[in-house]
Amino acid sequence: MHVVVCTKVTPDTAAKVSVNDAGVVGWSEAPVINPWDEYAVTEAVLLKGDHGGQATVMTVGKQEHEEALKQGLAIGCDQAIRVWDDALEGHDNLQYSKAAAAAIEKLGDVDLVIFGKEFADTQTDQYVYQVARKLGWTSLGAVAKILEIDFNASTIKVERLLEQGKAVVSAKLPAVIAVLKDINEPKYPSFMGIRKAAKAEIPVWNLGELGIDVGEPKTKVAQYKNLPVRGSQVQLFDGTPEEAAAKLADKLIEEKVI
Amino acid sequence: MIFVWTEHFDDKLAQASREALGKATKLGAGEVVALVFGENVDDIVKQSFHYGADKVIKADDATLANFRAEPYVALLVKAAQEHNPNYILAASTARGREVMGGASMDLDAGLISDVNELEIEGGNLKAVRPVYSGKVLATETASGDLQMATLRSRAFTPNEPDESRSGEVIELAPVLSEADITSKVESFEEAKGSVSLTDAAIIVSGGRGVGGPDGFDPVRELAEVLGAALGASRATVDAGWIPYEHQVGQTGKVVSPDLYIAAGISGAIQHQAGMRTAKVIVAINKDPEAPIFGLATYGIVGDLFQYVPALTKAFKERLGK
């Protein structure tokens with residue numbers, strides 16, 4: 001069994017994020033592992049615990065993303081790999097996905113790739129399905145539970161949380177899944193785990209080693225801007241519950257939002 | 001030519017797909033072609049015309065009865081290769097994101113996800129979308145012969161259905177046979193009696209202030225009277241008071257209803273990221289210092305257990321329920 005988790009660092013969920021006068025995005029805290037990936041990394045380690053085999057944590061990104069890899073190692077992943085090349089500077093999702101898929105192919109014996117629901121900075125999950133397609137594997141997004149997984153028979157059965165309800169879907173391995181937060185309780189690294197991860201040598205694979213050319217980006221960010229300031233001050237309604245409720249109900253009906 | 005991959009459920013064209021069709025008709029990108037995949041989809045084909053399609057490409061087959069990425073992506077790719085559209089749009093739903101993401105790789109086409117605003121400038125898609133968990137807006141552009149985008153629910157307005165509209169229907173044979181498809185939908189459990197958060201015009205949400213699972217009762221009653229979806233803050237989901245599917249916020253759903261009523265929610269930055277684009281926000285909270293009042297349009301400083309039932313009663317009277 002070989003499970004691969006793809007991760008990166010993003011601003012902490014509690015961080016204030018804003019755009020400065022030069023149009024550059026900055027944030028208040030040190031970046032952390034992408035919040036959705038805590039579940040993905042944990043799931044890889046849980047699967048390894050239950051089924052034996054190997055868990056690899058991978059990133060496509062600059063050195064700062066090694067923090068996320070170290071968190072993966074610290075909670076029990078066996079090896080970490082970073083993919084980077086100057087040609088990936090300013091990459092779009094397609095370029096990311098081509099590089100990630102090539103690295104997964106280079107690993108060779110992978111049964112399952114796990115992503116978190118999305119990357120919190122670029123706020124998209126399109127690479128999940130792009131990587132799956134590039135590999136020619138089944139993709140299963142919005143996975144709330146792995147109901148069954150059999151690495152010998154190469155089968156997986158999951159519960160997906162879709163807009164209209166829950167679907168139980170079975171598929172053949174290898175597959176690419178994206179997991180939601182109800183899949184597990186995230187594991188946090190122990191002191192010993194952190195010490196071990198700090199010493200790990202993390203190989204960096206460039207595009208030459210992967211034998212691919214990712215081409216030019218086909219989407220670009222032209223501009224970042226701060227959110228418009230919301231309205232003016234809050235209008236408060238007071239009085240007894242009946243009085244305040246009556247005034248508020250009338251106001252909302254008048255605003256035609258009911 | 002512009003493609004719109006449509007989604008349907010219970011013989012109805014999904015609201016988010018109606019919105020995508022409506023936007024496609026307003027982009028000035030030529031013929032609007034709806035792609036309708038499924039089994040027994042003639043009604044959906046008709047509805048696609050009513051909501052703005054000039055043509056429909058239909059794939060009707062038992063292998064397409066339930067959504068699965070492999071056969072759907074294969075069909076979308078085949079349709080694009082045969083008809084060479086300039087643009088492909090779809091709703092940014094769980095299925096839409098999967099189909100469009102997969103197809104973008106096969107077609108080697110730039111995809112802009114989850115957009116709030118969309119236009120064509122110099123032949124290229126230009127879109128505004130939230131990034132950094134909704135804390136920043138990015139303007140993104142695409143380039144290339146084929147460009148793709150997924151549209152956020154409730155960000156665009158559907159056309160008024162025009163039942164006199166119809167047009168050419170092009171049949172597309174499935175690409176994969178059942179034996180070629182490696183996944184199978186074993187069962188589907190429809191979320192009953194509740195309104196989907198991402199489609200809802202009104203959302204009533206409860207936070208830590210509800211105090212426990214039973215504390216959601218008055219919040220739920222208000223939601224029922226208003227025909228609203230029931231939302232919740234992360235704290236209540238983490239405490240196990242309500243299932244995750246109700247969570248609004250950075251690690252839950254990002255919503256943009258016309259009206260968002262927050263009861264007993266303090267309004268942490270993570271929660272705000274999920275609901276700050278609501279048109280009108282109402283906050284009911286005991287703590288006058290709660291950050292939610294900094295965002296709210298209207299507010300009541302008070303105990304939700306007194307004020308929420310009073311609001312339910314006030315609406316019952318006014319709405320004749």
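Residues numbered from 1 in each chain as written. Chains lettered and ligands numbered in written order. Predicted model: local features only at pLDDT ≥ 70, side-chain atom pairs only at ≥ 80, totals over all residues. Heavy atoms only, no water.

Some thoughts on the domain arrangement of chain B
All names here are of chain B. One can read the domain layout of chain B as domain 1 (2-180) and domain 2 (202-319). In this structure, domain 1 and domain 2 have C-alpha centres spaced 33 Å apart. In this assembly, six residues from domain 1 lie in contact with eight residues from domain 2. For the pair domain 1 and domain 2, the summed buried area comes to about 550 Å², and 38% of that belongs to carbon and sulfur atoms. Between the two partners, domain 1 and domain 2, sit one salt bridge. (Domains from an automatic or database assignment. Contact = heavy atoms within 4.5 Å. Buried area = accessible area lost by both parts, 1.4 Å probe. Salt bridge = Lys/Arg side-chain N within 4 Å of Asp/Glu carboxyl O.)

Some thoughts on a nonpolar patch on the surface
On the surface, Ile253(A), Ile258(A) and Leu319(B) cluster together to form a nonpolar patch covering roughly 190 Å² of accessible area. Mapped onto the secondary structure, Ile258(A) falls in the segment after helix H7 (241-254). (Patch = residues over 30% accessible without salt bridge, like charges linked within 9 Å, V, L, I, M, F, W, Y side chains within 5 Å. Areas by Shrake-Rupley, 256 points an atom, 1.4 Å probe, with all protein chains shown as cover. Helix = DSSP H or I, 4+ residues; strand = E, 2+ residues; numbered from the N terminus.)

Remarks on the nonpolar core
Grouped together as the largest cluster of nonpolar side chains are 42 residues, with contacts concentrated most on Leu252(A), Val282(B) and Ile284(B). Those residues in contact with Ile284(B) that lie beyond four places of it in its chain are Ile261(B), Ala262(B), Ala263(B), Gly264(B), Ile300(B), Gly302(B), Leu304(B), Tyr307(B), Val308(B) and Leu311(B). Of all hydrophobic cores here, the second largest spans 41 residues; its members include Ile33(A), Ala55(A), Ile146(A) and Ala175(A). (Core = buried A, V, L, I, M, F, W, Y, C linked by side-chain atoms within 4.5 Å. Buried < 20%, exposed > 50% of the residue type's maximum accessible area, 1.4 Å probe, protein only.)

Things to note about the interface of chain A and chain B
Each partner contributes residues to the interface: chain A has 82 residues there, and chain B has 87 residues. A combined buried area of about 7,500 Å² lies between chain A and chain B, and 57% of that area is made up of carbon and sulfur atoms. Sorting the residues of chain A by area buried against chain B places Arg133(A), Gln164(A) and Arg230(A) first, and these three jointly supply 11% of that buried surface. Across the chain A-chain B interface, the total number found is seven salt bridges. The interface formed by chain A and chain B includes 43 residue pairs in polar contact (both at pLDDT 80 or more). (Polar contact = N/O pair within 3.5 Å; in protein donor to acceptor, adjacent residues only side chain to side chain.)

Some remarks on the environment of Ser113(B)
With respect to the helices and strands, Ser113(B) occurs in strand S7 (residues 110-115). A relative accessible area of 5% places Ser113(B) in the buried class. Not counting the four nearest positions on each side in its chain, Ser113(B) is found in contact with Thr124(A), Gln126(A), Arg129(B) and Thr150(B). A polar side-chain atom of Ser113(B) sits 2.8 Å from a polar atom in the side chain of Gln126(A).

Overview of the pattern of salt bridges
In the structure shown here, the tally under the stated rule is 32 salt bridges over all chains. Of the charged contacts in the structure, one is a salt bridge between Glu159(A) and Lys145(A), with a shortest N-O distance of 3.9 Å. Of the two residues, Glu159(A) is situated in strand S10 (residues 155-162) and Lys145(A) in strand S9 (residues 138-150); the sequence distance between them amounts to 14 residues. Judged by relative accessible area, Glu159(A) falls into the buried class, the value being 13%. With a closest N to O distance of 3.7 Å, Glu168(B) and Lys55(B) form a salt bridge.

So, the packing of helix H3 (residues 69-83) of chain B against helix H4 (residues 94-107) of chain B
Residues and elements named next belong to chain B. The N-to-C vectors of H3 and H4 enclose an angle of 50°; their axes lie 9 Å apart at closest approach. Taken together, the axes of H3 and H4 lie oblique to each other. Handedness of the H3/H4 crossing: right-handed. Contact residues: H3 offers Ala 69, Tyr 72, Val 73, Leu 76, Val 77, Ala 80 and Gln 81, while H4 offers Glu 98, Val 99, Met 100, Gly 102, Ala 103, Asp 106 and Leu 107. Grouping the amino acids of the contact of H3 with H4 by side-chain chemistry returns 10 nonpolar, two polar and two charged. (Axes fitted to C-alpha atoms, helices over the stretch in contact; angles between N-to-C directions. Parallel < 35°, antiparallel > 145°, perpendicular 65-115°, else oblique. Left-handed = near helix turned anticlockwise from the far one by under 90°. Nonpolar A, V, L, I, M, F, W, Y, C, P; charged D, E, K, R; others polar.)

Section: the packing of aromatic side chains
In total, this model carries 12 aromatic pairs over all chains according to the counting rule given. Judged by centre distance (6.4 Å) and plane angle (65°), the ring pair of Tyr224(A) and Tyr132(B) falls under edge-to-face. Taken together, the residues span two chains, with Tyr224(A) in strand S14 (residues 219-226) and Tyr132(B) in the loop between strand S9 (124-131) and strand S10 (136-142). With a relative accessible area of 12%, Tyr132(B) lands in the buried category. (Phe/Tyr/Trp six-rings, centres within 6.5 Å; stacked < 30°, edge-to-face > 60°.)

Some words on the packing of H7(A) against helix H8 (residues 304-319) of chain B
For the pair H7(A) and H8(B), the least separation of the axes is 8 Å and the interaxial angle reads 50°. In terms of their interaxial angle, H7(A) and H8(B) are classed as oblique. The element H7(A) and its partner H8(B) pack so that their crossing is right-handed. Here Pro241(A), Glu242(A), Ala244(A), Ala245(A), Ala246(A), Leu248(A), Ala249(A), Asp250(A), Leu252(A) and Ile253(A) of H7(A) lie close against H8(B), whose contacting residues are Gln306(B), Tyr307(B), Ala310(B), Leu311(B), Ala314(B), Phe315(B) and Arg318(B).

Regarding the sheet that holds S10(A)
Here we have 10 strands laid out as an open sheet, ordered S13(A)-S7(A)-S6(A)-S1(A)-S8(A)-S12(A)-S9(A)-S10(A)-S11(A)-S13(B), and mixed in their pairing. Each end of this open sheet is capped by a strand with a single partner; those strands are strand S13 (204-205) of chain A together with strand S13 (183-190) of chain B. Examined bridge by bridge, strand S7 (residues 79-83) of chain A and S13(A) share two bridges and lie parallel to one another. Its bridge partner lying in S13(A), Arg82(A) is registered against Val204(A). Contacting strand S1 (2-6), strand S6 (54-60), strand S8 (112-116), S9 and strand S12 (175-179) of chain A, helix H1 (residues 37-51) of chain A runs over the sheet at an angle of about 150° to S8(A). (Pairing = 2+ DSSP bridges.)

Concerning the pairing of S7(A)
All names here are of chain A. For S7, the tally of buried residues reaches four of five residues, placing the bulk of the element in the interior. Bridging between S6 and S7 involves five bridges; their strand directions are parallel. Looking at S7, one finds that Thr 59 is bridged to Arg 82. Each parallel crossover has a hand, and the one from S6 via helix H2 (residues 66-74) to S7 is right-handed. (Right-handed = clockwise from strand over helix to strand, strands pointing away.)

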